[in-house]
Amino acid sequence: MARFDTDVLVIGGGPAGLAAAIAARQHGFRVMLADPAHPPIDKACGEGLMPDAMSALAALRVPISAEKGLPLRGIRFLDGEISVDARFGPGLGLAIRRTELHQALAERAAQAGVELRWDTPVMGLTPDGALLGDIGVSCRWLVGADGGTSRVRKWAGFKVWERRARYGFRRHYKTAPWTDMVEVHWGPGLQIYVAPLGPREVGIALLCRDPGLRIDDALQFFPGLAARLADAPHLSLERGGITAMRKLPSVTQGHIALLGDASGAVDAITGQGMCLAFQQALALANSLAADNLEAYEIAHRRILRRPRSMANFLLLLDQHPRARAEVMRRFERHPGLFAALLAYHVGAVSRAVQRLLGPAARKSAAIY
């Protein structure tokens, strides 16, 4: 008779939790996942996956059919009259609705043999597992993948350091895309992201520090973008969320491991939240297979290092318009530098980018 009801109990059925469950199943563990909601689960996000996120999805064997989204070939920054862009290189990204991605992950988890407990509230932790509703479930390892306000993190007593939050809002428009890149429009203390989601659909996401600001208000700072969207019908209601720089001294404790936003986060300005969760899921599964959660601690720090440097650099640009204007002019004069920055963003490192990120990286180290 098995000592535990399941080997791995995952709390949280968003993309991070599903990725963790799939990765653990690929190592042969018995896996159960619990979430009070039912798929597909939606959430405000930019809905653009970078090439490194696509590589992680491939490792998880999650099939994404071509008709579910559009390929992304690069990133474009627009600030006033300045426009700079670069392609990803050999790989492609993907613009895809959050609900489509979640459904693909849920179907892959079911196919892999994960025991999915949807519509199941998690009431608390027990010494050997958790309470799913009023039923105790024991496990060898418990994974907290229940988001930025993680109850698992709170129940287990993990410490967390968090910088001032920003706010994100997202809406879909019925209009033909005008680009095959993610566009980032820089304004006064805010950014608007444009993602081409389908032949007749564009996703618009706003990031700002004002919780009262909305997409319609922000578009006044971008008359060209506003004109493109003026007659486009809305395909969804405006959905909001919170983004923050968050770090934990440790992401494991006893038999509990945290993953995704529950385990720390970088500001959504990087567009790397999904990728981090998928990479952490693969690293955690490898650590469970080796029965060594310390290896996950080390891998988790490594996975977050580059995105955290990028987030600090981009947030400095957000906070200092004059410095941003000079950096943007430098990118415009030297397109190769922006291409190097994008390559670093998706995993490559160059000396030019290391010099550019140096002050931001040192400031990040001082903060954390």
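Please read these numbers as outputs of a predicted model, since none were measured by experiment.

Taken in spatial order, the seven strands line up as S6-S5-S14-S15-S16-S13-S17 in an open sheet, and their pairing is mixed. With one partner strand each, in any of the chains shown, strand S6 (82-87) and strand S17 (239-243) form the two edges of the open sheet. This sheet shows a mean twist of 20° between the axes of neighbouring strands, independent of strand direction. Examined bridge by bridge, strand S14 (residues 181-187) and strand S15 (residues 190-198) share five bridges and lie antiparallel to one another. Within S15, the residue paired with histidine 185 across the bridge is isoleucine 192. Running over the sheet, helix H9 (residues 321-333) touches strand S5 (74-79), S6 and S14 and is turned about 55° from S6.

So, about the pattern of salt bridges. Under the definition given, this model contains 23 salt bridges. The shortest N-O distance in the salt bridge between aspartate 291 and arginine 140 comes to 3.5 Å. Residue aspartate 291 is located in the loop between helix H7 (273-289) and helix H8 (293-319), and its partner arginine 140 is located in strand S11 (residues 135-144); the two are separated by 151 residues in the primary sequence. The exposure class assigned to aspartate 291 is exposed, which follows from its relative accessible area of 52%. One salt bridge in this structure joins glutamate 297 and arginine 301, with 3.9 Å as the shortest N-O distance. Of the two residues, glutamate 297 and arginine 301 both sit in helix H8, four residues apart, roughly one turn of that helix. Through salt bridges with shared partners, a single network forms among Asp42, Glu47, Arg170 and Arg239.

Moving on, we come to the pairing of strand S13 (residues 166-173). With seven of its eight residues buried, S13 lies for the most part within the structure. Across five bridges, the pairing between S13 and S17 is antiparallel. Looking at the pairing, glycine 168 lines up with glycine 241 of S17. In this structure, S13 lies alongside strand S16 (residues 201-208), joined through seven bridges in antiparallel fashion. Bridge assignment links histidine 172 to a residue of S16, and that residue is glycine 203.

Below, the discussion takes up the environment of leucine 33. With respect to the element layout, leucine 33 can be found in strand S2 (residues 31-34). The buried category is assigned to leucine 33, whose relative accessible area is 0%. C-alpha separation for the pair leucine 33 and valine 114, spaced 81 residues apart in sequence, amounts to 7.1 Å. Once residues within four sequence positions are removed from consideration, leucine 33 is found in contact with Val10, Gly12, Gly13, Gly17, Leu18, Ala21, Val114, Glu115, Leu116, Arg117 and Trp118.

Bringing the sheet that holds strand S3 (residues 48-49) into the picture now. On the basis of which strands lie adjacent, the open sheet formed by three strands has the order S3-S7-S4 and antiparallel pairing. The two strands at the open ends of the sheet, each matched to only one other strand, are S3 and strand S4 (69-72). Relative to strand S7 (residues 93-96), S3 runs antiparallel, the two being bridged by two bridges. Along S7, the bridge assignment pairs glycine 48 with alanine 95.

What counts, and where the lines are drawn
- The numbering scheme is per chain: residues are counted from 1 as the chain's sequence reads.
- Totals for whole chains, interfaces and linings use all residues, but because this is a predicted model, local features are given only for residues with pLDDT of at least 70 and pairs of side-chain atoms are given and counted only at 80 or more.
- To obtain the side-chain values, all non-hydrogen atoms of the structure were used and water was disregarded.
- Pairing between strands is defined by DSSP: at least two bridges between the two strands are required.
- Helix and strand assignments come from DSSP, with helices taken as H or I runs of at least 4 residues and strands as E runs of at least 2, each series counted from the N terminus.
- Helix axes are fitted to C-alpha atoms over the stretch in contact, other axes to C-alpha atoms as well, and angles between N-to-C directions run from 0 to 180 degrees.
- The contact criterion used is simple: two residues touch if any of their non-hydrogen atoms lie within 4.5 Å.
- One side-chain nitrogen of Lys or Arg within 4 Å of one carboxyl oxygen of Asp or Glu is enough to make a salt bridge.
- Burial classes: relative accessible area under 20% of the type maximum marks a residue as buried, over 50% as exposed, and values in between as partly exposed (1.4 Å probe, protein chains only).

The quantities given are spatial measurements derived from coordinates; they are silent on function.
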